[in-house]
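As a plain string of letters, each chain reads:
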Amino acid sequence: MKKGAGSMTALAPPIGVLVELTHRCPLGCPHCSNPLKLEPPAAELDTETWKRVFEEAAALGALHVHLSGGEPTARRDIVALTRHAAQCGLYTNLITSGIGVGERLWGGLVEAGLDHAQLSFQGADEGTNDRLGHYDGAWAKKRAFAAMVTTAGVPLTVNAVVSRPNLHQVSAFIDLALELGARRLEVAHTQYYGWALANRAALMPALKETEEAIRLVEAARPKLAGRLVIDMVVPDYYARYPKPCAGGWGRLAINVSPSGKAMPCHAAETIPGLEFWNVRDRSLAEIWADSPAFNAFRGTDWMREPCRTCDRKEIDFGGCRCQALALAGDAAATDPACSKSPLHARIGRTAAAEAEAGSEAIRWRSYKAALEG
Ligand code: SF4
Ligand code: FES
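Looking up the protein chain in an unreviewed UniProt entry gives the name PqqA peptide cyclase, with the organism given as Roseiarcus fermentans. For the protein chain, the Pathway (unreviewed entry) comment in UniProt is given as "Cofactor biosynthesis; pyrroloquinoline quinone biosynthesis." Entered under Subunit (unreviewed entry) in the UniProt record, the comment concerning the protein chain runs "Interacts with PqqD. The interaction is necessary for activity of PqqE."

Things to note about helix H1 (residues 47–60)
Under the 1.5 Å per step criterion, the end-to-end length of H1 is 20 Å for 14 residues, consistent within 8% with the ideal 20 Å. Considered for burial, the residues of H1 that qualify are Thr-49, Trp-50, Lys-51, Val-53, Phe-54, Glu-56, Ala-57 and Leu-60. In this structure, the buried residues of H1 make contact with strand S1 (16–20), strand S2 (64–68), helix H2 (78–87), strand S8 (253–256) and helix H10 (284–290). At the C-terminal side of H1, Gly-61 shows a positive phi close to 115°.

Focus: the domain arrangement of the protein chain
For the protein chain, the domain assignment lists domain 1 (16–233) and domain 2 (299–359). Of note, the centres of domain 1 and domain 2, computed from C-alpha atoms alone, are 27 Å apart. Contact with domain 1, which involves 9 residues of that partner, is made by 11 residues of domain 2. With both chains or domains summed, domain 1 and domain 2 bury close to 790 Å², and 57% of this area falls on carbon and sulfur atoms. Summed over the shared surface of domain 1 and domain 2, the number is 1 salt bridge. For the salt bridge of Arg-200 with Glu-354, the shortest nitrogen-to-oxygen distance reads 3.0 Å. Inspection of the domain 1/domain 2 interface yields 2 residue pairs in polar contact (both at pLDDT 80 or more). Counting residues per element, the side of domain 1 that touches domain 2 draws most heavily on helix H8 (residues 200–203), at 3 residues. Residue composition of the side of domain 1 that touches domain 2, by class: 7 nonpolar, no polar and 2 charged.

Some thoughts on the side chain of Glu-39
On the secondary structure map, Glu-39 appears in the loop between S1 and H1. Engagement of the side chain of Glu-39 in a polar contact is seen with the backbone nitrogen of Ser-259, the distance being 2.7 Å. Discounting residues that sit within four places of it in the chain, Glu-39 has contacts with His-23, Ser-257, Pro-258, Ser-259, Lys-261, Tyr-367 and Leu-371.

A short note on the environment of Gly-70
As for its placement among the helices and strands, Gly-70 is situated in the loop between S2 and H2. In the structure, Gly-70 is positioned 32 residues away from Leu-38 in sequence and 9.3 Å away in space, judged by C-alpha atoms. Not counting chain neighbours up to four residues away, the residues in contact with Gly-70 comprise Thr-22, His-23, Arg-24, Cys-25, Asn-34 and Arg-365.

Examining the pattern of salt bridges
Under the criterion given, the structure shown has 16 salt bridges. For the salt bridge of Arg-75 with Glu-44, the shortest nitrogen-to-oxygen distance reads 3.3 Å. Taken together, the residues Arg-75 in the loop between S2 and H2 and Glu-44 in the loop between S1 and H1 connect sequence positions 31 residues apart. Across this residue pair, the class does not change: Arg-75 and Glu-44 are buried. A salt bridge links Lys-261 to Glu-269; the shortest N-O distance between them is 2.5 Å. Taking relative accessible area as the criterion, Lys-261 reaches 22% and is therefore assigned partly exposed.

So, empty space enclosed by the protein
Overall, the coordinates contain 3 cavities of 30 Å³ or more when judged by the stated rule. Empty space within the largest cavity amounts to approximately 110 Å³. In terms of residue class, the lining of the largest cavity is made up of 10 nonpolar, 3 polar and 2 charged. Taken as a whole, the second largest cavity holds about 60 Å³ of empty space. Together, Pro-242, Cys-307, Cys-310, Arg-312, Lys-313, Asp-316, Gly-318, Thr-334, Cys-338 and Lys-340 line the second largest cavity.

Regarding the pairing of strand S6 (residues 184–189)
By the bridge criterion, 6 bridges tie strand S5 (residues 156–162) to S6 in an arrangement that is parallel. Directly across from Val-161, in S6, lies its bridge partner Ala-188. Read as a crossover between parallel neighbours, the route from S5 over helix H6 (residues 170–180) to S6 is right-handed. Here S6 pairs with strand S7 (residues 229–233) via 5 bridges, running parallel. In the sheet register, Val-187 faces S7, and the bridge partner there is Met-232.

Definitions and cut-offs
- Residues numbered from 1 in each chain as written.
- Chains lettered and ligands numbered in written order.
- Predicted model: local features only at pLDDT ≥ 70, side-chain atom pairs only at ≥ 80, totals over all residues.
- Heavy atoms only, no water.
- UniProt positions renumbered as here; feature names shortened; annotations may be inferred.
- Helix = DSSP H or I, 4+ residues; strand = E, 2+ residues; numbered from the N terminus.
- Expected span 1.5 Å × (residues − 1).
- Buried < 20%, exposed > 50% of the residue type's maximum accessible area, 1.4 Å probe, protein only.
- Contact = heavy atoms within 4.5 Å.
- Domains from an automatic or database assignment.
- Buried area = accessible area lost by both parts, 1.4 Å probe.
- Salt bridge = Lys/Arg side-chain N within 4 Å of Asp/Glu carboxyl O.
- Polar contact = N/O pair within 3.5 Å; in protein donor to acceptor, adjacent residues only side chain to side chain.
- Nonpolar A, V, L, I, M, F, W, Y, C, P; charged D, E, K, R; others polar.
- 1 Å grid on protein atoms, 1.4 Å probe; cavity = no way out; pocket = protein on both sides within 12 Å on 5 of 7 lines; lining within 4 Å.
- Points joined across faces, edges and corners; volume = space filled by probe spheres on them.
- Pairing = 2+ DSSP bridges.
- Right-handed = clockwise from strand over helix to strand, strands pointing away.

What follows is the structure, encoded as structure tokens:
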């Protein structure tokens, strides 16, 4: 048994690897979960290193690679990377804003063997979408991208990140996904990490509106069975129990940052004292098994009360370590999203107060400013 593995008897391979190929992105979404300190282009891994990472992921037993960012198509080698991942036998998922993908690039991606595209929308109409994405003309480009995807017969997921400014559009997002021919719609309530945490006061919805949005999705699901699958990420601050973040720390997934840092989740770097190994220096197999960061909160041995004796500890794995740090000041604490956390009532009150105050002060995600800052 690996150190820190708790009740895990053998270390199963990760199901997927999420590669943040770059932090460059044309959009400026305030709900972005990327870190406030973005990585510069000069630090990005080169093509050959990413290819080796894909080979190692497949050899380790991973099934999927999520090509993400930032905007992954900002990489000039995105077609070569997609081709290599597909040739390794990985299911390739492009997570994109759709901006900057013309017919030629799209044709290259299809020919390279891309399996799936996940397209973000920031609003369900032009004005909301372009305002929240901080990019004039994004709406038209996204729709054009969706048309290319469905024409090519590649499965399309529409990813709608919702928060106070667009939560009233849940029904319109469902209509949009149907109109675009998506097979799946992800209604993802903003998770407060990185830029989203910095913008929480401007994004936090009220409980009543949140419940209404959840009700609309639940009512739509049976009506659209067989046409559109609707996934929903529920908002943590109003939850009774936390999500099993990243499927459980070091349990299902590996995130690799643009510069090659291998992490159990996208926000793990916010936790001080964790030692991250880099794919430049070590194989993914070595990182998965022995990296101090992956073993820090793997399994259940690290838990304290109330998680230690809780019957849900192998369902949600104590929630999110990064959120525990952000809200409780201690990454080993019970996630305050859990009703058993002594801080739970306080974060609910904070959320309600922020929703009520209705701040409109937004700090737009800015690559340039983040690099300079
Ligand atoms: Fe999950 Fe811990 Fe809450 Fe139990 S006490 S539900 S294990 S976060
Ligand atoms: Fe890091 Fe949840 S985002 S554990």
